[in-house]
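# Structural overview for review
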Amino acid sequence: MREHREEVGGQRPLDLLTITPGAESVSMVLARLADACAGHGPAFGIAPAGSDEYAERIQRAVGFESAVRAVDQAVALVISTSGSLGEPKGVMLSGQALLASAAAAHEFLGGPGSWLLALPITSIGGIQVLMRSLVSHTDPVVLGSVGGATTFDPAEFASKSWTLDPSLPAYCSLVPTQIARVLDDPDALAALQGFDAVLIGGARLPNVLAARLDEAHVRWYSTYGMTETSGGVFYNGIPLPGASASIVEPDSHGVGRIVLSGPMIAHGYLDNPGATATAFIDGTHLTADLGRVEDGRLEVVGRIDDVVQVGGINVSLSAVEDVLRRHYRDAAVLSEFSDVWGASLTAYVVGTVDSTSDEHVMEIDAVLGRAARPAQLVHLDELPYSANGKVDRAALRALTGSE
C-alpha cells in the first residue's frame, strides 16, 4: 500500500508505505532511503502491513490517519517508536541524522563493512543496517525471518553469515532474544564468532548472556539509543563520534535523567508538537532513562517508569529481572497498584529454575532487598515479544488477565 500526499506550503510531501514481513521489501526500502536521504522525492513513513492491533498502532503513528499533509523539508523518514510501554509516536528523522549515525558507527567500528540484516526494517535497528549498507556501497545479506515473516532461525543465521563479503569487515545487529538462540546453537555460535562486530540492542542484555558472549570470545557491543537518536549512540557505554550525554538533576550518586546530543537527533514527533517540545530541546533529546556518566562512560540504570515504590522503597523492575534471569531462561516483571504497599510485583518466568524457589527469592532479598521480592511468580512457555525484540508488556498483561 502506498499513499502519496501532495506538497503543501513548500514543505516536503509524505509518502506512506506498508511493508510485508520478509526479505522481499528490502530492496524497495533501500532505494527509497537512498533517494530520501539525498533530498530526492518525498519523505516516507514506514509501517508493517496488516490489520492487527499492533500494525494499526504503528500505522497511525507514522501518519496513516493523520491530518498532516507534509513534513519539514529536511525530514527523510518517519518511523515509529516501539510502543512497548504506551502509544507509539512517529519520529521524524532527517537524512543528515540518518547518515551521521551510520558514519559514526563505522568510524567507531573501524570502517565500513558487510552487514547481515536480522531486524525488521520498520524499526530503527533494521533501518540503520540498511543505512550502513548504503554508505558501505554493499547489499545487506537478508535473513528470511526479517520483520517476523518466520521465526528467527539460528541455522539460517549460520548459513547466511558465511555469504558476507569476505573482503570487508563482517557486522550484524541482533536483539537479546536472538543472541540467546544463537548461543544455544553450535553452528550459529561459530558464525557469530566470525563477525568483526556484533551490535546488540533493542532491549537490555541480561548479564548471563553477556558472560556467555565473553566466554565465547565474541566481539560484541551493547548499544544504547532509541528511534529518537537514529539508533544506538553509545556502544558499551562509550559515545559514538559526535554523540554525548549529560545528566539532568543528578542525585547524590550522580544518577539522573539522560539527555543525548549529537547530529543523529531526530527532528521531532509527527503531528505531536506537545511531545516534541518536551522531548527535544535545543537539538538534544530528553530521554525517559536514568543513568550516570563517569569518566566519559555512560551507565544506564533504568527507566523513569521502571522504578516503583514498594513499601516506600524504590525498586527497579529491570534489576529484579536481571536476578531472575540467573535462574530462568527469560523473565519479565510487572507492577500493579497495591493499597497496602503502593506497588505489588509479579514476575513472569520462562524455563526451569536451577535452584529452589527459596534460594532464588533469598538471592533477590540479598541483592536488592526484601521490597524487591515479587509477590507472585507466574510460569509461561514464552514471553510475548514485539517484532523489534522488546517484551510486549501490554500483551503480557492481556495474556495473563492483569489489565
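Residues numbered from 1 in each chain as written. Predicted model: local features only at pLDDT ≥ 70, side-chain atom pairs only at ≥ 80, totals over all residues. Heavy atoms only, no water.

### A few points about the layout of surface pockets
The condition that has to hold: Only protein atoms enter the 1 Å grid used here, on which a cavity is any set of points holding a 1.4 Å probe that cannot leave and a pocket is any open set flanked by protein within 12 Å on both sides along at least five of seven lines; residues with an atom within 4 Å of a point are listed as lining. Grid points are joined across faces, edges and corners, and a volume is the space filled by probe spheres set on the points. Strands here are runs of E lasting at least two residues and helices are runs of H or I lasting at least four, both read from the DSSP assignment and numbered beginning at the N terminus. Gly falls in the polar group here, along with every residue not listed as nonpolar (Ala, Val, Leu, Ile, Met, Phe, Trp, Tyr, Cys, Pro) or charged (Asp, Glu, Lys, Arg).
The volume enclosed by the second largest pocket comes to roughly 180 Å³. Around the second largest pocket, the lining residues are L290, V301, G302, V307, N314, V315 and S316. Where the lining of the second largest pocket is concerned, the elements lending two or more residues are β19 (297-303) and β21 (313-316). Among the elements that make up the lining of the second largest pocket, the one with the highest residue count is β21 (three residues). When the residues that make up the lining of the second largest pocket are grouped by side-chain class, the tally is four nonpolar, three polar and no charged.

### Looking at the environment of S338
Which entries qualify depends on this criterion: Only protein chains enter the area calculation, which uses a 1.4 Å probe; residues under 20% of their type maximum are buried, those over 50% are exposed, and those in between are partly exposed. For this analysis, residues touch if any pair of their heavy atoms sits within 4.5 Å.
Structurally, S338 can be placed in strand β22 (residues 330-338). Residue classification places S338 among the buried positions, given a relative accessible area of 13%. Separated by 28 residues in the primary sequence, S338 and V310 have C-alpha atoms spaced 8.8 Å apart. Not counting residues up to four positions away in its chain, the partners in contact with S338 are A343 and S344.

### What about the pairing of strand β5 (residues 75-80)?
The criterion, for reference: Here a strand pair is declared whenever DSSP counts at least two bridges between the two strands.
The buried fraction of β5 is high, at six of six residues. Of the strand pairs in this sheet, strand β3 (residues 43-48) and β5 are connected by three bridges, and their pairing is parallel. Bridging across to β5, I46 finds its partner in I79. Here β5 runs beside strand β6 (residues 90-94); their pairing, made up of five bridges, is antiparallel. Each residue of the ladder has a partner; that of S80, found in β6, is G90.

### Description of the sheet that holds β22
Convention followed: Only the stretch in contact is used when fitting a helix axis, every axis being a line fitted to C-alpha atoms; angles between N-to-C directions are given from 0 to 180 degrees.
Strands sit in the order β22-β23-β24 across an open sheet of three strands; the sheet is mixed. Each having just a single partner strand, β22 and β24 (376-380) make up the two edges of the open sheet. Here the strands of the sheet are splayed against their neighbours by 25° on average, with no regard to which way each runs. Pairing of strand β23 (residues 342-350) with β24 involves five bridges; the strand directions are parallel.

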